Structure formats: structure tokens, C-alpha cells
Amino acid sequence: MKAGKLTKVEKGLAYAVLLLFTAFSLYPILVVFSISIRPGDRLLSKSLALIPPDATFQAYVDLFTKEPFIRWLSNSLIVSALVTVFAVSLAATAGYAFSRYKFKGRDSSMVALITTQMFPVTMLLLPLFIMLISIGAYDSYIGLIIAYTATALPFTIWQMKGYYDTIPFSLEEAATIDGAGPFTTFYKIILPLALPALAITALFSFMTAWSEYLVAAVLIQDQSLFTLPMGLKLFSSNMEVAWGLYSAGAVVVSIPVVILFLSLSRWLISGLTLGSVKG
Amino acid sequence: MASLELQNINKIYNDTVHAVKEVNLSILDKEFLVLVGPSGCGKSTLLRMIAGLEEISSGTMKIGNRIINDVSPKDRDIAMVFQNYALYPHMTVYENMAFGLTLRKIAKPQVDERVQEAAELLELSDLLDRKPKELSGGQRQRVALGRAIVRKPKVFLFDEPLSNLDAKLRVQMRLEIKKLHHRLQTTMIYVTHDQVEAMTMGDRIVVMKDGLVQQADTPLHLYSQPINRFVGGFIGSPAMNFFSGIIENLKGLQFTHSDFLIPLADNSNELKALENQNVLLGIRPEHLRISDKPTGFKATLEVIEPLGSEIYLHLKTETLRFALRTSVLTEFNIGQNIYLACDTENMHFFNKETENRIH
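Residues numbered from 1 in each chain as written. Chains lettered and ligands numbered in written order. Predicted model: local features only at pLDDT ≥ 70, side-chain atom pairs only at ≥ 80, totals over all residues. Heavy atoms only, no water.

Student: I tried to follow the packing of aromatic side chains on my own but got confused; where do I start?
Tutor: A ring pair, where both rings are aromatic, is described by two values, the distance of the centres and the angle of the planes. Inspection of every chain in the model, using the stated rule, returns 27 aromatic pairs over all chains. Centroid distance Phe 57 of chain A to Tyr 60 of chain A: 5.6 Å. Interplanar angle 50°. Geometry classified as tilted. One Lys or Arg, Arg 100 of chain A, reaches over the ring of Phe 169 of chain A and ends 4.6 Å from the middle of that ring. Lying over the aromatic face of Tyr 223 of chain B, Arg 284 of chain B brings its terminal NZ or CZ to 4.2 Å of the ring centre. (Phe/Tyr/Trp six-rings, centres within 6.5 Å; stacked < 30°, edge-to-face > 60°. Lys NZ or Arg CZ within 6 Å of the ring centre and 35° of its normal.)

Right under this line is the structure:
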């Protein structure tokens, strides 16, 4: 159905609703930013000014100089990057196998994968904890990476499989006749065509690791291995909460995600509207 | 030398679906062979077995003197053009055509030369830097042809390559492919469901139905001597008319239907041998004549389809409907009665039970 032309009133109403929701989602971010640049003694100020007259970036400076923030940042980057690499490569290959090959247990495996998504992470914490201890991966990057990759994989495999399903078989057949083996076909024909899906998979995997707190809190004891969310929590674990540091940290944490979203947006849009245009 | 030999070829899916049954075919070097039949007749499966995209369940397949049953598609020295073109969307026209050559480790200057040559032949020289999505349907089809040509294969395979094009372009590409065959002098095997395409393009046509080869013959022989009712009805448009009746000898030999009778020339012993037998008579619409004198075959005009150069008349008798094709461009009126005649030499007689040709 094509939308008819909106009257001025309808248009105005639509914009009002849109603005309202935008405000809802933007307000907390602005408040966090606002708190991060307030001097420490003005935290509970009633002023509505987003940028206080005596704004200071002291919290940011402290974050990088007085706190082990860089350490947490690099921990998070390492873990998230490796989770992304593993999840993307495993999902890209597993999804392809599920999409193209017939093998025993294919359908039941697909169902099993989706079944794991029914259980909340809290339920899986204890078995995960026991498993990682028994393979000696407790309190280490490896344990965290395994846990996050495992969490991200079911969704990403389905995601990749769904995308591959839309790529016509005849492309692979043409490549086969052109002389390409299965690996060359996958690498040179299928993967380049699956870039939008790979972008979504990468983003999803990165986010799974980047902003996760609960699993990390259970699996990591060593403070030098803390990731960003755990580090931020430290600011509030003493008698008083260092809200300035906390907010500054939160702003910095969200920057890489924003950059990722913006740089992948071209792929995200084409990936999410996939299948709507034949071509 | 690129003849093909298919001996007792079968394709059985999952032990249940027998898609191709005992196909025996010899395809000559440089021949343009067309596989034609309704959808699900096994023609595409057979082509894909030749390509190596489907396994051969049983039988022997040879290209030249080499058995290729277990040879992988890339080593069969074939090229294939697909119905949906199957161009690589992320590559330019040039890259699409060069892909197969690069994989075969052919030196760059030579790849370049072959691609340029094919592009010139197919009038694609100006489009080499474009991506497939920037091309029209006809141009994409030419790129698909180019990708096949540059490889210089022994055998070209076409899987309904023109069915995604509009009618005008289809006629044009049909000619281009024929010209290409003439120029390249290579064996080509072409699958289509369109009998006009089959008739106009093939040196020889293989008509298939339900996985079985019905008849493999030249276009004209297929038209004049269809081996059974199916082939008779499949080749030719409008389709052949079929009348069920009996051959009798009353005042001379005649074909008697409950609605009409047609006198038969009785100089043929074969026809005489059919006396008092129930048969199926096939007459092509273009072989029914309008008679100005009353005959034993009267029908009422139901629909008129003027095409300009000729007219299709759709007629009915009490129990039958059938078509007539004439190039006599006179005025006809719906509802008018028409007397019909047909020469015995243009009649096809089929066995009523087996539907095989008897005369």
C-alpha cells in the first residue's frame, strides 16, 4: 500500500511523535555527558543547563591518568576484537554449510542452536563457570572469549545462513564450471556477496563482548584483566560513587560503538532491507 | 573433435524419482542439438548431468572418446550459460569473463586478448567496466555468452538462456546464438521448453517427456513424421488437432468420427490394413482446408484470430473443438458453417491405446 499524501496536521503530528521518542532516547545520553563535565561538588545540581557554566574535563583527564582506564580499554578491545574475529569466521563458514550442504543432523542442529537462545545467560553462568574451570580457562582472556563467542554464535550462524539462502545456487555452479573449487567459490564469490551480512554479524559479535558485564563479573577475578563494564562498576563499589568518572567512562565506552555503527551503516541498511529488491 | 555419447543414462533422485530414463544419444561434433519438452520432462537434468552438476545414476557418458562420468565439471572442457545468467554481481563485465581464465592460470596478456575478442564479437567492448546490475537483460545475456566463449570449450551448454528476455529480444538473441554457432563451429546443446526456439535453432531436436526421449530428429522430420501423439501435439502452433474415430470402407476408404467423415485416398496398402480399426487421427491446423463445396466435414466458426499474414479459426462440431490456420484472408463471420477437407498425405494416424504412430 502506498502512503497517501499527508496533510499538514498529520505531518506535524508525525514529527511531534518522532521528536518525542528521539528526546526519550537522547536525554539519558545528554545527562550522562552533562554529569561527566560537571565539577565533582555539583553532581546533584538542580540546574537544567546541559553544559554547566564551570564545565570541566577533569573527570576525563583523571580517567586516563589516575585510573587504570587504559588497561580496561585495551582488555575490552582485545577481547571484543578476538570475539568478533572468531564469531565472524565461524558463523560465516558454519552458516554456509547449513545453507548449502545436506548432512545428517542438519535440521536438528539448526533447531538446537536456536534452542540455546531460549535460556537467559544467568541460567548458563554456573555450567559455564564449571566448564571453564575444568579446561583451565577461568580468570583469563581465553575463558571470556570462549564464553562470548559461544553466546554470539547461534544468532550469527542463523543470520549468515539466512543470507546465504538468498544467494542463487547458479552462481556457485557457474563458478564450478569456470573451474573454481569449493573453497575458491566460497572465498571469491560467496563471501564478497555476503558482506552486508558479515557486517551485521561483526557488529553483533563486537557488541556482545563490548558491553557485557554479568558473565565477565563471574569469570574474571584478576583486576588487571577487567573489561570496561567491570571497570566502570568499580567506581561505584566503594562507599561513595564517583559519578563524574563513571559518566566520563560511559561516554568514552560508547564512542567505539558509535564509530562502528556509522562506518558500517551502509552495509547495515542494505543488510537489513535484504531481499526486498531483486537484482 | 567433440562428439558426445550418452549410453543408457539414468537419473534417480533419492531412490524414488526417476527423472531421466535410459537416454541413448549420439551428439555429433559441431552439432546444434536442442533438448525440448514440457517442464519436469528431465531435459535440464540431462543437461546438468552433461555439465557435471548432477551425478549420473547409471549409464556411460563420453566426450570424444573419454568417459566423463566421474570427471569434475571444470575438467570436462564445457561452458554453460544459465537461465538467470548467473553473472557474479560484485565483478565487472571484464572480471566476469576473465574469471574462468584466471583460475586456469592463463597468462594475463592472453586473458586480455581473449576477453577483448569476445567483447568485440558480442558488442560489449564499451561495457567492460560495468557491473551486471548496470546492464539490460540482453546485455547480461551477452556477458553470459562471453564468459562461455572466452574459455573456448569443446561443448557449449545452454539452459533456457532466453526465457528471461522479452519476446522481441528473444528473437534477436536466438539469431545471435545461431550466428555464433556458425562462427565458432562448436558442439552446442541447448535446453528450452519453447518449441519455436527448438525448431528454429536446432540441427536436431530431442523431444522429451517424463524423463524419456520421445524422438530425436531434424526439425522438419519431427514436424512431418511425429513418432507419437505427444510429439505431434508438442511441435507446431497452434497444436495439432486430434480426432478419435474408425477407418471404414463404405463407398471407398474413409475416416469416420461421430460428428463427421473424411474420405481417404485408398492407394495406400498401409491404410487399407487399418480397415475397421479405431485410430487417432492427427491433422495440423494448417493442413485443414476450407472447401467451397459441401463435404462430410462441417463445422461452426466460434472464434476468429486474425494475425495479419494468416488467420486462426477456432471451430466446433457437436462434440469437438479444433483449430484451422489459413492464409486466405477472406471475411469470416462467427457462427457461420464451414465445410472442411484434408489431403490424406497430411494426415497422421496413431494407435488409440499406445498413441504411437501407425501411418
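Student: Sorry, what's going on with the nonpolar core here?
Tutor: In this structure, Tyr 164 and Ile 189 of chain A together with Leu 6, Ile 9, Leu 46, Leu 157 and Ile 189 of chain B are the most contacted members of the largest nonpolar core, which totals 60 residues. The contacts of Ile 189 of chain A, once residues within four sequence positions are left out, are Leu 171, Ala 175 and Thr 184 of chain A together with Tyr 88, His 90, Met 91 and Phe 99 of chain B. One finds Val 81, Val 143, Met 173 and Val 231 of chain B within the second-largest nonpolar core, a separate group that totals 43 residues. (Core = buried A, V, L, I, M, F, W, Y, C linked by side-chain atoms within 4.5 Å. Buried < 20%, exposed > 50% of the residue type's maximum accessible area, 1.4 Å probe, protein only. Contact = heavy atoms within 4.5 Å.)

Student: How do you make sense of the interface of chain A and chain B when you look at a structure like this?
Tutor: How big an interface is tends to be stated in terms of accessible area lost as the parts join. Listed per partner, the contact involves 17 residues of chain A and 23 residues of chain B. Of all residues in chain A, Glu 173, Ile 177 and Asp 178 of chain A give up the largest surface area on contact with chain B, accounting jointly for 41% of the area buried on that side. Across the pair Arg 48 of chain B and Glu 173 of chain A runs a salt bridge, and its minimum N-O distance is 2.6 Å. Applying the counting rule to chain A against chain B returns 10 residue pairs in polar contact (both at pLDDT 80 or more). For the side of chain A that touches chain B, the secondary-structure elements that each account for two or more residues are helix 7 (169-178) and helix 8 (182-193) of chain A. (Buried area = accessible area lost by both parts, 1.4 Å probe. Salt bridge = Lys/Arg side-chain N within 4 Å of Asp/Glu carboxyl O. Polar contact = N/O pair within 3.5 Å; in protein donor to acceptor, adjacent residues only side chain to side chain. Helix = DSSP H or I, 4+ residues; strand = E, 2+ residues; numbered from the N terminus.)

Student: Explain the packing of helix 7 of chain A against helix 8 of chain A to me, please; I cannot follow it from the model alone.
Tutor: The relative placement of two packed helices is expressed as an angle between their axes plus a distance between the axes. Residue and element names in this part refer to chain A. For the pair helix 7 and helix 8, interaxial distance at closest approach is 10 Å and the crossing angle is 150°. Between helix 7 and helix 8, the interaxial angle falls into the category roughly antiparallel. When you trace helix 7 past helix 8, the crossing you get is right-handed. Of the residues in helix 8, those in contact with Leu 171, Glu 172 and Ala 175 of helix 7 are Thr 185, Ile 189, Ile 190 and Leu 193. (Axes fitted to C-alpha atoms, helices over the stretch in contact; angles between N-to-C directions. Parallel < 35°, antiparallel > 145°, perpendicular 65-115°, else oblique. Left-handed = near helix turned anticlockwise from the far one by under 90°.)

Student: Sorry, what's going on with the sheet that holds strand 20 (residues 347-351) of chain B here?
Tutor: Sheet strands associate in pairs through backbone hydrogen bonding, adopting either a parallel or an antiparallel arrangement. Residue and element names in this part refer to chain B. The antiparallel open sheet is built from 5 strands, whose spatial order is 13-12-11-14-20. Of all the strands in the sheet, the pair left with one neighbour each is strand 13 (261-263) and strand 20. Across the sheet, the mean angle separating the axes of adjacent strands is 40° when strand polarity is ignored. As judged from the 6 bridges shared by strand 11 (residues 241-250) and strand 14 (residues 278-283), these two strands associate in the antiparallel manner. The residue bridging Phe 242 from the neighbouring strand is Gly 282, located in strand 14. (Pairing = 2+ DSSP bridges.)

Student: Where do I start with the packing of helix 2 (residues 93-103) of chain B against helix 3 (residues 108-121) of chain B in this structure?
Tutor: All names here are of chain B. Their axes nearest at 10 Å, the elements helix 2 and helix 3 cross at an angle of 130°. Comparing the axis directions of helix 2 and helix 3 gives the class oblique. For the pair helix 2 and helix 3, the sense of crossing is right-handed. For the pair helix 2 and helix 3, contact is made by Tyr 94, Met 97, Ala 98 and Leu 101 and by Val 111, Asp 112, Arg 114, Val 115, Gln 116 and Ala 119, respectively. Across the contact of helix 2 with helix 3, the residue classes break down as 7 nonpolar, 1 polar and 2 charged. (Nonpolar A, V, L, I, M, F, W, Y, C, P; charged D, E, K, R; others polar.)

Student: I keep staring at the confidence of the model for chain B and nothing clicks. Help me out?
Tutor: Fine structural detail should not be taken from predicted coordinates in areas where pLDDT scores are low. Residues and elements named next belong to chain B. Averaged over all residues, the pLDDT of chain B is 92; the fraction at 70 or higher stands at 99%. Taken element by element, the predicted model of chain B shows its lowest mean pLDDT in helix 9 (residues 269-272) (81) and its highest in strand 3 (residues 32-36) (97). Overall fold confidence (pTM) sits at 0.83, and the ipTM for the predicted complex is 0.85. (pLDDT = per-residue confidence, 0-100.)

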